[in-house]
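Topology and contacts: notes
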Amino acid sequence: MRSLAVASPLPPAAAAGRRRPRASAREVISQCWKCEINQDRPLGNPLRIGHSQGSLQRHGSKNLLAAAAAISVEQAEVSTSLPKGDMWSVHKFGGTCMGTPQRIQNVADIVLSDSSKRKLIIVSAMSKVTDMMYNLVHKAQSRDDSYMTALDEVFDKHMAAAKELLDGENLARFLAQLHSDISNLRAMLHAIFIAGHATESFSDFVVGHGELWSAQMLSYAIKKSRVPCTWMDTRDVLVVKPSGSNQVDPDYLESEKRLQKWFSRQPAATIVATGFIATTAENIPTTLRRDGSDFSASIIGSLFRARQVTIWTDVDGVFSADPRKVSEAVILSTLSYQEAWEMSYFGANVLHPRTIIPVMKDNIPIVIRNMFNLSAPGTTICKQPANENADLDACVKSFATIDNLALVNVEGTGMAGVPGTASTIFSAAKAVGANVIMISQASSEHSVCFAVPEKEVAAVSTALHVRFRDALAAGRLSKVEVIHGCSILAAVGLRMASTPGVSAILFDALAKANINVRAIAQGCSEYNITVVLKQEDCARALRAVHSRFFLSKTTLAVGVIGPGLIGGTLLNQLRDQAAVLKENMNIDLRVIGITGTSTMHLSDIGVDLKQWKELLQKEAKPADLASFVRHLSENHVFPNKVLVDCTADTNVASHYYDWLKKGIHVITPNKKANSGPLDQYLKLRTLQRASYTHYFYEATVGAGLPIISTLQGLLETGDKILRIEGIFSGTLSYIFNNFEGTRTFSDVVAEAKDAGFTEPDPRDDLSGTDVARKVIILARESALRLELSDIPVKSLVPEALRSCSSADEFMQKLPSFDQDWDRQRDEAEAAGEVLRYVGVVDVANRKGRVELQRYKREHPFAQLSGSDNIIAFTTSRYKEQPLMVRGPGAGAEVTAGGVFCDILRLASYLGAPS
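Residues numbered from 1 in each chain as written. Predicted model: local features only at pLDDT ≥ 70, side-chain atom pairs only at ≥ 80, totals over all residues. Heavy atoms only, no water.

Helices and strands together make up the secondary structure of the chain, namely 34 helices and 30 strands. A burial count over the chain gives 53% of its 914 residues as buried. A separation of at least 24 residues holds for 72% of the contacts in the chain among residues at least 6 apart in sequence. About 39300 Å² of surface is accessible on the chain, with carbon and sulfur atoms providing 49% of the total. (Helix = DSSP H or I, 4+ residues; strand = E, 2+ residues; numbered from the N terminus. Buried < 20%, exposed > 50% of the residue type's maximum accessible area, 1.4 Å probe, protein only. Contact = heavy atoms within 4.5 Å. Areas by Shrake-Rupley, 256 points an atom, 1.4 Å probe, with all protein chains shown as cover.)

Printed below as a string of C-alpha cells:
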C-alpha cells in the first residue's frame, strides 16, 4: 500500500532529527477529504470519497477509514514491556473540570501532586465542546452554512484557552495542530454540507476532536513543570465492538495488544489520554456512548491493572439520596460495586452501570472526588468492605427514585398455573419497545404488574388488549389496568440480605408518613427493595425513609400557632432542649414556622429559635393560616409534621380534622375542639384512630399534669371508671386556697389577677365555663356522649355583674358582694370545712357538673396550696382509695411543658427511643 507523507506541524528546528511518526487515521482521513474537495466536480454530482490518485475511490466510507488507518510509515520500534499493577493511578477529569484554562491548570496541579510512580489521565472535551461538535455535524448535513461560523467559535475557544494556558514552543506546537485540525474539519464539513448526510463513523470522528485538543493542552500544561508527559489518542489503543442497544463492549484482548504496541513506541510515566472515543476492530472511529469518558477510565484502568481509578467531578462524592429532593442527604464514604450498580440503575447520579464492570472484575477501586473541594475525601466504590457495621442504619446505603411511570396490572384467575402467561405479557411490551423497569407478581399467579415509563404505557396497554383479546372476552383475564402517575422508590444496600428488620423499618417509615404502597419488588439477593407509590407522595416518601435511616430516628417539623404566653414559653423550651434531645435521644425537632394573629415567619429547614422573636417582627409576612399550613404540609425536607396550636381560638380548632386528614399531626392545649359540638368531636377522634396521624391534647386538662394519659391508661388496661372529681382550675384553686381568715373575696380575686393567674377579665375564670370544658373532655374520654350544654355550672360571677362592660367595672363592683362570700366561708369554717370549686364526672350515672363544694379539712382537696390542681379517679380498682393526681395546674411554664411532653410522646410513637 502506498505511503502518505503528512506535513509536520513542527518548526524545522523542532522537526530536525526526529523520527517521523506513523500517520494516524485522523491525519490520513483528513488528507483524503482534502483531495476529494479539491477535485473539480459539479455541486450536484454524487459525492465520491477517495484519494485523488484513485487508489481508494472504490471504497465506501467504512473501508476508506479502515484503509486510511492502515497506512503507516516504517519506523524502528523499541521493544518496551508495558508495566502493570499498583504503580499506576488513573484519573479522569470531565468537561466541567476541563472547562477553562485555569481549571486545566488546576487539573495539571492535581496530577503533579499525585505521588504515584506512574499516572494515566483521561480527559473529556472542554465544557460544552462536545455539544458544539455535534452541532457542527447537524448544521452541515442540514445544509445550514452557519456551520462555518460555529467552527470558528470552536477554533476561537481553544485558541484563547491555549494562549492563556501555554507559552513558547508548547503553544506553537498546539496552535499548529489546532490550525491543521480546523482546516481539515472545514473541508470535511463542507463535503457533508454538499452531500447532506454524514455517516455515524464520520460524525464520531468529527466529535472526537474535542477530546484530542483537551488532552494535548493538558499534556503541554504538565510539561511546563518539566515533568515528562505524552498524550494518547485512545483510538490507537481502545478497540470496541457493537453490542446492540446503542452500546459497545471493549475488546480487551485486542486492546491489550495495541496498548503494548503503543507503549513500546512511547513509554512514559505520565500519559494523558482521550476519553469517550475509541475504534472498532476495522479501525473505524467510534465513541463509547453515554458517560463514555468514565467508561474509558474504567477500561484503561483495567488494562493497566491500576491501583485505583479516581473520577473527578464537581460534587463531594456520592449522596445517600438526591440532594435536590433531600437537602440533608449525606456523602457516603464507601459503596460496594453492586450498590453503585443498583443506585445508577435507579437514576442516582453515581456512574453508569457499564463503567463499573471493567474495574469490578479486577477489584480496582473507583474514587469519586470533587476537584473544587480537595479537602473532601470523596466516595470509594470497591469490593464489599469487610469492616463496616452491620446494624440496621448501616445496611441501607442510599435511596433513589424514578418518576413519570405508570403501573400496568394484568389480573385474572385464568392466569394461575398457566405456563407462558408472563412470557406473553412481556413479549407484548418488548414488541412495542417499552422499557420494563420493575416487575411484581403475587405467588398465587393471580396478577402480574410492572412499571413502564408514562410515555410508553399507552402502546403497552393497547398491545396487551390485542394480545389478550380472547382471554378478556372469555373471562380468563379480568382486566388489563393502567395506573397513571406513579414513581419508584428504591432502597439500596448490600447488607440488607443479612440484616433482619430492614423491610420492617422501611415500611414502618412509609406508614407513619401516611404513604400508601401500590406494588413491591425484591430479589432474593436483597440488594434493593423497590416500591411503587403515587408520584405526588414520592418526595415525601423519600424524605421519610431517608430520615429514618440517615438522620435522627425521628425528625419532626413543627409549626407553632400562637406565640403568646404559652406558645412563646414552648419555643424557649424547644430552644433550650433541642440539642440535648438530638444528642441523647436522636430526636431532631425543627420549628419551620411560627404564626401569630398578625404576622408569621416561615423557614424551609428550621427557624433559629435563639432569635425567633426578632424574626417574627423583622422578617415576617402577614399571617395567613392557610398559607402557614400549606408551607408545613408541602415541606420537601421533613416527612413528619406537627402543628402545635397554643391558642384558645375556636376557628383554629375547627381545622384539626383537615390537618389530620392531610397527614399532619396535631398537639394542643386548646380545649375548644374536644369540648365543642359532639358530632365534630366524634368525627375528629374517628379519623385519628383510623390513621397513623396522631392527635395529642394532654395540656387541655391540668396543664402539665398527666390527667388525660392517666385516664387513657386506666381505660386501655381494662379498668372501669366510676367517678372523676377534681379541682381543675389553677386560678380558682389559688383563690379558694387564699380565701381564709379575714380576707375578702374581692381582695383575693384582685391579688390573683395582679399575679397573672386569671384571664385579663376574671369573669372568664369565675364563670366556670373553663372547668366545664375540662369536665366534658374527661367525660368524653370516659365514653360519655355529652354536650357542653348538658353540664350544669355554678357560676361565681354575681348575676348583677355579668353585664359589666369591662373587667375594670367588674372589679370595682365586686366588693359589694363580699358580705355574701364571707357568710359562706364562715359557715364552712364553723363546720370544720373549706370551700372548693370542683368539677365532677359521674360516669356511673352518665352525667357531669361544676359546683362549689365544701370538704372537711382533712380531705385531700382541702390540703392544696397555691394554684395546685388535684384530680381523684374512683374506679373498679381504685374504689376504696381513689387514685390521686396533684400538682401545679396553671402557669405558662407547666402548660408549655405539658405540650412539650406531647411532642416527645409523638416522637416516641414515630420511632424515637422512649
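Of the residues in the chain, 88% have a pLDDT of 70 or more, and the chain-wide mean is 87. Here residues 1–78 scores under 50 on pLDDT; set against residues more than four positions off or in separate chains, the count is 117 contacts. (pLDDT = per-residue confidence, 0-100.)

Relative to the helices and strands, glutamine 308 is located in strand 9 (residues 308–313). When its relative accessible area of 25% is taken as the criterion, glutamine 308 is described as partly exposed. Taking the C-alpha atoms as reference points, glutamine 308 and valine 367, 59 residues apart in sequence, are found 7.4 Å from one another. Engagement of the side chain of glutamine 308 in a polar contact is seen with the side chain of threonine 310, the distance being 3.0 Å. (Polar contact = N/O pair within 3.5 Å; in protein donor to acceptor, adjacent residues only side chain to side chain.)

As a further point, take the pairing of strand 15 (residues 447–453). For strand 15, the buried fraction is high: seven of the seven residues fall into the buried class. As paired strands, strand 13 (residues 398–411) and strand 15 are joined by seven bridges and run antiparallel to one another. Following the sheet pairing, glutamate 411 is matched in strand 15 by serine 447. Examined bridge by bridge, strand 14 (residues 438–441) and strand 15 share four bridges and lie antiparallel to one another. For isoleucine 439, the partnering residue across the bridge sits in strand 15 and is phenylalanine 450. (Pairing = 2+ DSSP bridges.)

All right, on to the nonpolar core then. If you look at the biggest cluster of nonpolar residues, it comprises 68 residues, and the most contacted ones within it are Tyr656, Trp659, Ile724, Ile735, Phe736, Leu766 and Leu778. Here this core gets seven residues from one element, more than from any other, and that element is helix 31 (residues 769–781). In this view, tyrosine 656 contacts Asp645, Val666, Thr668, Asn670, Ala673, Leu684 and Tyr695; residues no more than four positions away in its chain are not counted. Ala140, Val154, Phe205 and Ile222 belong to the second largest nonpolar core, which has 54 residues in total. (Core = buried A, V, L, I, M, F, W, Y, C linked by side-chain atoms within 4.5 Å.)

Taken together, seven strands build an open sheet; the order of strands is 22-21-20-19-23-24-25 and the sheet is mixed. Looking at which strands have only one partner, the edges of the open sheet turn out to be strand 22 (621–622) and strand 25 (695–696). One ladder, built from six bridges, connects strand 19 (residues 554–561) with strand 23 (residues 640–645); its direction is parallel. Counterpart to glycine 559 in the pairing with strand 23 is leucine 643.

Strand order across the open sheet formed by six strands is 14-15-13-16-18-17, with antiparallel pairing between neighbours. Among the strands making up the open sheet, the edge pair consists of strand 14 and strand 17 (517–522). On average, adjacent strands in this sheet sit at an angle of 30° to one another, irrespective of strand direction. Note that strand 16 (residues 479–492) and strand 18 (residues 528–534) share seven bridges and pair antiparallel. Bridging across to strand 18, alanine 490 finds its partner in threonine 530. Strands strand 13, strand 16, strand 17 and strand 18 of the sheet are contacted by helix 18 (residues 502–512), whose axis makes an angle of about 15° with strand 18. (Axes fitted to C-alpha atoms, helices over the stretch in contact; angles between N-to-C directions.)

Once that is clear, we can look at the side chain of threonine 595. Mapped onto the secondary structure, threonine 595 falls in strand 20 (residues 587–595). What makes threonine 595 buried here is its relative accessible area of 2%. For threonine 595, the contacting residues outside a window of four places in its chain are Val560, Ile561, Gly562, Pro563, Met600, Ala623 and Phe628.

Looking now at the pattern of salt bridges. Two side chains carrying opposite charge are able to pair once their charged atoms lie near each other. Considering all chains together, one arrives at 35 salt bridges under this definition. The residue glutamate 339 makes a salt bridge to lysine 397 at a minimum N-O spacing of 3.4 Å. With glutamate 339 in helix 12 (residues 337–345) and lysine 397 in the loop between helix 14 (392–395) and strand 13, this residue pair connects regions lying 58 residues apart in the sequence. Summarising the burial analysis for this pair, glutamate 339 and lysine 397 share the class buried. Linking aspartate 770 and lysine 671 is a salt bridge whose minimum nitrogen-to-oxygen distance equals 3.2 Å. Taken as a pair, aspartate 770 in helix 31 and lysine 671 in the loop between strand 24 (665–667) and helix 25 (672–675) lie far apart in primary sequence, 99 residues in all. Aspartate 770 sits in the partly exposed class, given a relative accessible area of 24%. Within the structure, one salt-bridge network assembled from shared partners comprises Lys84, Glu256 and Arg305. (Salt bridge = Lys/Arg side-chain N within 4 Å of Asp/Glu carboxyl O.)

Taking 1.5 Å of rise per residue, the 13 residues of helix 26 (residues 678–690) would be expected to cover 18 Å, and the 18 Å separating its terminal C-alpha atoms lies within 8% of that figure. If you check which residues of helix 26 are buried, you get Leu678, Tyr681, Leu684, Arg685, Leu687 and Gln688. Lining the buried residues of helix 26 we find helix 24 (656–661), helix 25, strand 25 and helix 31. (Expected span 1.5 Å × (residues − 1).)

A word on the environment of alanine 268. Looking at where alanine 268 falls in the secondary structure, it is placed in the loop between helix 10 (252–265) and strand 6 (270–274). Among the residues examined, alanine 268 registers a relative accessible area of 15% and is labelled buried. Here the alpha-carbon distance between alanine 268 and leucine 120, two residues 148 residues apart in the chain, equals 9.6 Å. Beyond its immediate chain neighbours, meaning those up to four positions away, alanine 268 contacts Trp88, Arg118, Thr230 and Phe263.

Remark: helix 6 (residues 147–165) packs on helix 7 (residues 168–195), axes separated minimally by 11 Å, with the N-to-C direction vectors making an angle of 170°. As the angle between them shows, helix 6 and helix 7 are arranged roughly antiparallel. Residue-level contacts link Tyr147, Leu151, Asp152, Phe155, His158, Met159, Ala162 and Lys163 of helix 6 to Leu171, Phe174, Leu175, Leu178, His179, Ile182, Leu185, Arg186, Leu189, His190 and Phe193 of helix 7. Within the contact of helix 6 with helix 7, the residues separate by chemical class into 13 nonpolar, three polar and three charged. (Parallel < 35°, antiparallel > 145°, perpendicular 65-115°, else oblique. Nonpolar A, V, L, I, M, F, W, Y, C, P; charged D, E, K, R; others polar.)

Our focus in this paragraph is the packing of aromatic side chains. If you walk through the whole model with that rule in mind, you get 17 aromatic pairs. Here tyrosine 147 and phenylalanine 193 contribute two aromatic rings whose centre-to-centre distance is 5.7 Å and whose plane-to-plane angle is 40°, an arrangement assigned as tilted. Of this pair, tyrosine 147 sits in helix 6 while phenylalanine 193 sits in helix 7, and the two are 46 residues apart along the sequence. Clustering of aromatic rings is evident, with ring pairs tying together Tyr656, Trp659, Tyr695 and Tyr697. Over the ring of tyrosine 252 we find lysine 361; its NZ or CZ atom is 4.5 Å from the centre of that ring. Between the NZ or CZ atom of lysine 683 and the centre of the ring of tyrosine 657, over which it lies, the distance is 4.3 Å. (Phe/Tyr/Trp six-rings, centres within 6.5 Å; stacked < 30°, edge-to-face > 60°. Lys NZ or Arg CZ within 6 Å of the ring centre and 35° of its normal.)

Before going further, it helps to examine the side chain of threonine 875. With respect to the helices and strands, the residue threonine 875 is situated in strand 29 (residues 868–875). For threonine 875, a relative accessible area of 0% translates into the label buried. Within polar-contact distance, the side chain of threonine 875 engages the side chain of aspartate 719 at 2.7 Å. Only 3.1 Å separates the side chain of threonine 875 from the backbone nitrogen of arginine 877, close enough to count as a polar contact. Among residues more than four places away in sequence, those in contact with threonine 875 are Leu714, Asp719, Lys720, Ile721 and Leu722.

Residue asparagine 363 is not a glycine yet carries a positive backbone phi of 55°. Mapping asparagine 363 onto the fold places it in the loop between helix 13 (353–361) and strand 11 (366–370). One non-glycine residue with positive phi stands out, namely arginine 846, at about 55°. Looking at where arginine 846 falls in the secondary structure, it is placed in the loop between strand 27 (833–842) and strand 28 (847–856). Overall, the relative accessible area of 51% leaves arginine 846 in the exposed class.

Turning our eyes to something else, we now look at the packing of helix 12 against helix 13. Between helix 12 and helix 13, the shortest axis-to-axis distance is 9 Å and the interhelical angle comes to 165°. Here helix 12 lies roughly antiparallel to helix 13, going by the angle between them. Crossing hand, helix 12 versus helix 13: left-handed. Two secondary-structure elements touch here, helix 12 through Tyr337, Gln338, Ala340, Trp341, Ser344 and Tyr345 and helix 13 through Pro353, Ile356, Ile357, Val359 and Met360. Each residue belonging to the contact of helix 12 with helix 13 can be placed in one class, and the counts come to nine nonpolar, two polar and no charged. (Left-handed = near helix turned anticlockwise from the far one by under 90°.)

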